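Fold and contact review
Read off the chains here:
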Amino acid sequence: MKKYICILMAVIGWSCSSSKDVIIEPKYSDFKIVNTPVVVENDTIYVNELRFYEMESATDAKKLMRQNYGKWSEKLSGLHHQIIKRIVWQDVKLIDGNDKTFTVVTDGTESMYDYFTCLIVFDSEKKDCFKDGHPYKEELINLFTDKMDKIK
């Protein structure tokens, strides 16, 4: 009889235990295209940045580019933060199966008011790739959001 009571208690305990469904969401789903002023030789131009807000560090875009495309071409002073430098990769083939080359600039900031990492991309004709109507805009957004989820 004790054997049956023990089995019955075990079954009741097991059936009453709670279970959780684990849903894994993409880490970098919070992004925006932001039109940002940049001063170039005493002239202000506006560029579109792909900004990621839910990330580990303001340097995550730099990590993404370094891990996937190697060493950068040049460093510039930071646009959003004095300590965080803008890093430039020139003539990068971003899209598999496509010989088009791009220039990619990474930047970011970590402050009390803002916290993001960002990418600015120009095609070989120096056109802003995140501008509405650019033929590679959606493909590049998908590429970078996918790669951002995989950085180490």
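Rules used in this analysis
Residues numbered from 1 in each chain as written. Predicted model: local features only at pLDDT ≥ 70, side-chain atom pairs only at ≥ 80, totals over all residues. Heavy atoms only, no water. Helix = DSSP H or I, 4+ residues; strand = E, 2+ residues; numbered from the N terminus. Buried < 20%, exposed > 50% of the residue type's maximum accessible area, 1.4 Å probe, protein only. Areas by Shrake-Rupley, 256 points an atom, 1.4 Å probe, with all protein chains shown as cover. Pairing = 2+ DSSP bridges. Phe/Tyr/Trp six-rings, centres within 6.5 Å; stacked < 30°, edge-to-face > 60°. Lys NZ or Arg CZ within 6 Å of the ring centre and 35° of its normal.

Another aspect to go through is the overall build of the chain. A count of helical and extended segments in the chain gives 3 helices and 6 strands. Put simply, the chain runs from its N terminus to its C terminus through helices and strands in the order α-β-β-α-β-β-β-β-α. When each of the 152 residues of the chain is scored for burial, the buried share is 36%. Put simply, the chain shows about 10300 Å² of open surface, and 53% of that area lies on carbon and sulfur atoms.

Attention now goes to unusual backbone geometry. Backbone geometry at N42 places phi at a positive 65 degrees, although glycine is not the residue there. Residue position: N42 is located in the loop between β1 (31-40) and β2 (43-52). You will see that D91, though not glycine, has its phi angle at about 55 degrees, which is positive. Mapped onto the elements, D91 comes out in strand β4 (residues 86-92). A residue is classified by how much of its surface remains accessible, and D91, at 61% relative accessible area, is exposed.

With that out of the way, let us pick up the pairing of strand β5 (residues 102-110). The buried fraction of β5 is high, at 8 of 9 residues. With 4 bridges connecting them, β4 and β5 associate as antiparallel partners. Within the sheet, the bridge partner assigned to V92 lies in β5 and is F102. Relative to strand β6 (residues 115-123), β5 runs antiparallel, the two being bridged by 9 bridges. Counted as the bridge partner of D107 is C118 from β6. Counting the residues in the hairpin turn of β5 and β6 gives 4 residues.

Moving on to the packing of aromatic side chains. Remark: the centre distance and the inter-plane angle together describe each pair of aromatic rings, the angle taken between the planes. Using the criterion set out here, one finds 4 aromatic pairs in the structure. Ring centres 5.8 Å apart and planes at 90 degrees place the aromatic pair F102 and Y136 in the edge-to-face group. With a gap of 34 residues between them, F102 in strand β5 and Y136 in the loop between β6 and α3 (137-148) connect regions that are remote in the sequence. When sorted by exposure, F102 lands in the same class as Y136, which is buried. Between the NZ or CZ atom of R51 and the centre of the ring of F116, over which it lies, the distance is 4.0 Å. Lying across the ring of W72, K71 places its NZ or CZ 4.0 Å from the centre.

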